[in-house]
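Survey of secondary and tertiary structure
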Amino acid sequence: VQLQASGGGMVQAGDSLRLFCTASGRTFNNYSMGWFRQGPGKEREFVAAISRSGGSTYYADSVKGRFTISRDNAKKMVYLQMNSLKAEDTAVYYCAADRTILTHTSISSSSYQYWGQGTQVTVSS
């Protein structure tokens, strides 16, 4: 599967932004999907993940209640709705695909086999 992330931009603190991850391939609904981010001078960190059907989700504590991950298997799309953005959300955001089911290990970047290029999100305070 090939992934392409988009939707990043420059916003102010408190604003909202929606990221998109477009997938190619015929078996998109066989993949759990995740969003990760890497801020300046920081390690890549988990943001959110969603199961194959979209029925289960995981979130990092830092984004819980503010971000929502969703997917549309018919459109082969994954979304990350980001509300109440903070300066510390500034990062390059990546989408990733995992051939296995969603588990507690889905918070680890090593669980994902396929990665898209990142999209930059900059939040000014």
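Let me sum up the structure you'll find in this document.

About the cut-offs
Residues numbered from 1 in each chain as written. Predicted model: local features only at pLDDT ≥ 70, side-chain atom pairs only at ≥ 80, totals over all residues. Heavy atoms only, no water. Phe/Tyr/Trp six-rings, centres within 6.5 Å; stacked < 30°, edge-to-face > 60°. Helix = DSSP H or I, 4+ residues; strand = E, 2+ residues; numbered from the N terminus. Buried < 20%, exposed > 50% of the residue type's maximum accessible area, 1.4 Å probe, protein only. Pairing = 2+ DSSP bridges. Axes fitted to C-alpha atoms, helices over the stretch in contact; angles between N-to-C directions.

Evaluated as defined, the whole model comprises 6 aromatic pairs. With 5.8 Å between their ring centres and 80° between their planes, Y31 and Y114 make a pair best called edge-to-face. Here the residue Y31 occupies a position in the loop between β3 (17-24) and β4 (32-38), and Y114 occupies one in strand β10 (residues 114-115), the gap between them amounting to 83 residues. Among the residues examined, Y114 registers a relative accessible area of 25% and is labelled partly exposed. A ring pair is formed by F36 and Y112, whose centres lie 5.2 Å apart and whose planes are at 80°; its orientation type is edge-to-face. Residue F36 is located in strand β4, and its partner Y112 is located in the loop between β9 (91-98) and β10; the two are separated by 76 residues in the primary sequence. Using a relative accessible area of 1% as the deciding quantity, one classes F36 as buried. Here a set of aromatic residues connected by ring pairs shows up, and it is made of F36, F46, Y112 and W115.

It is worth spelling out the sheet that holds strand β8 (residues 77-82) at this point. Strand order in the open sheet made by the 4 strands is β1-β3-β8-β7, with antiparallel pairing throughout. Edge positions in the sheet fall to β1 (2-6) and β7 (67-72), since each has one partner strand and no second. Between one strand axis and the next, the sheet turns through 15° on average, direction left out of account. By the bridge criterion, 5 bridges tie β1 to β3 in an arrangement that is antiparallel. Note on β3: the bridge partner recorded for S6 is F20.

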